[in-house]
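# Fold and geometry: a report
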Amino acid sequence: MNDIATRCIDIIAKSKSIPADTISLASTFDELNIDSLDKINISFEVEEAFNIEIPDEALSTLRTVGDMVQGVAKLTATTPSTITTH
């Protein structure tokens, strides 16, 4: 599992007070008892953790943890990095 997946799962686990090892990319938000308010709160945490902005309309399309990870990966890929290498 990549860093984005691990961090998203950790955020979800913390917000729902469930063990991270019980969450997989295939876990649905319904299975995890994540309602729309939880989804908003989790999205704020994810935005802060990855320094991205998740569009409101994208939240309604997320059904699984994998959906969230894919979305974060896309957003981080399009966000200009402030880190430079020499």
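Residues numbered from 1 in each chain as written. Predicted model: local features only at pLDDT ≥ 70, side-chain atom pairs only at ≥ 80, totals over all residues. Heavy atoms only, no water.

On the surface, L37, I40 and F44 cluster together into a nonpolar patch covering about 300 Å² of accessible area. Of note, L37 is situated in helix 2 (residues 36-50). (Patch = residues over 30% accessible without salt bridge, like charges linked within 9 Å, V, L, I, M, F, W, Y side chains within 5 Å. Areas by Shrake-Rupley, 256 points an atom, 1.4 Å probe, with all protein chains shown as cover. Salt bridge = Lys/Arg side-chain N within 4 Å of Asp/Glu carboxyl O. Helix = DSSP H or I, 4+ residues; strand = E, 2+ residues; numbered from the N terminus.)

At N33, a position not held by glycine, the phi torsion is positive, near 55°. Examined against the element boundaries, N33 turns out to sit in the loop between helix 1 (3-16) and helix 2.

On the secondary structure map, L59 appears in helix 3 (residues 56-59). Overall, L59 belongs to the buried group, its relative accessible area being 11%. Sequence separation between L59 and K39 is 20 residues, and the spatial gap between their C-alpha atoms is 7.4 Å. Every residue in contact with L59, bar those within four places of it in the chain, is listed here: K39, I40, S43 and I54. (Buried < 20%, exposed > 50% of the residue type's maximum accessible area, 1.4 Å probe, protein only. Contact = heavy atoms within 4.5 Å.)

Moving on: helix 1. The end-to-end C-alpha distance of helix 1, which contains 14 residues, comes to 20 Å, matching closely the 20 Å that a straight helix rising 1.5 Å per residue would cover. Among all positions of helix 1, only I4, A5, C8, I9, I11, I12 and A13 are buried. A side-chain oxygen of the first residue of helix 1 lies 3.2 Å from the backbone nitrogen of I4; this N-cap is N2. Of the residues trailing helix 1, S17 is marked for its positive phi of about 55°. (Expected span 1.5 Å × (residues − 1). Polar contact = N/O pair within 3.5 Å; in protein donor to acceptor, adjacent residues only side chain to side chain.)

Core analysis: the largest hydrophobic core is formed by 22 residues, its most contacted members being I12, V46, V65, M68 and V72. Of all the elements in the fold, those that place two or more residues in this core are helix 1, helix 2 and helix 4 (65-78). The element best represented in this core is helix 1, accounting for 7 residues. Those residues within four positions of V46 in sequence are excluded, and the remaining contacts are I11, I52, I54, M68 and V72. (Core = buried A, V, L, I, M, F, W, Y, C linked by side-chain atoms within 4.5 Å.)

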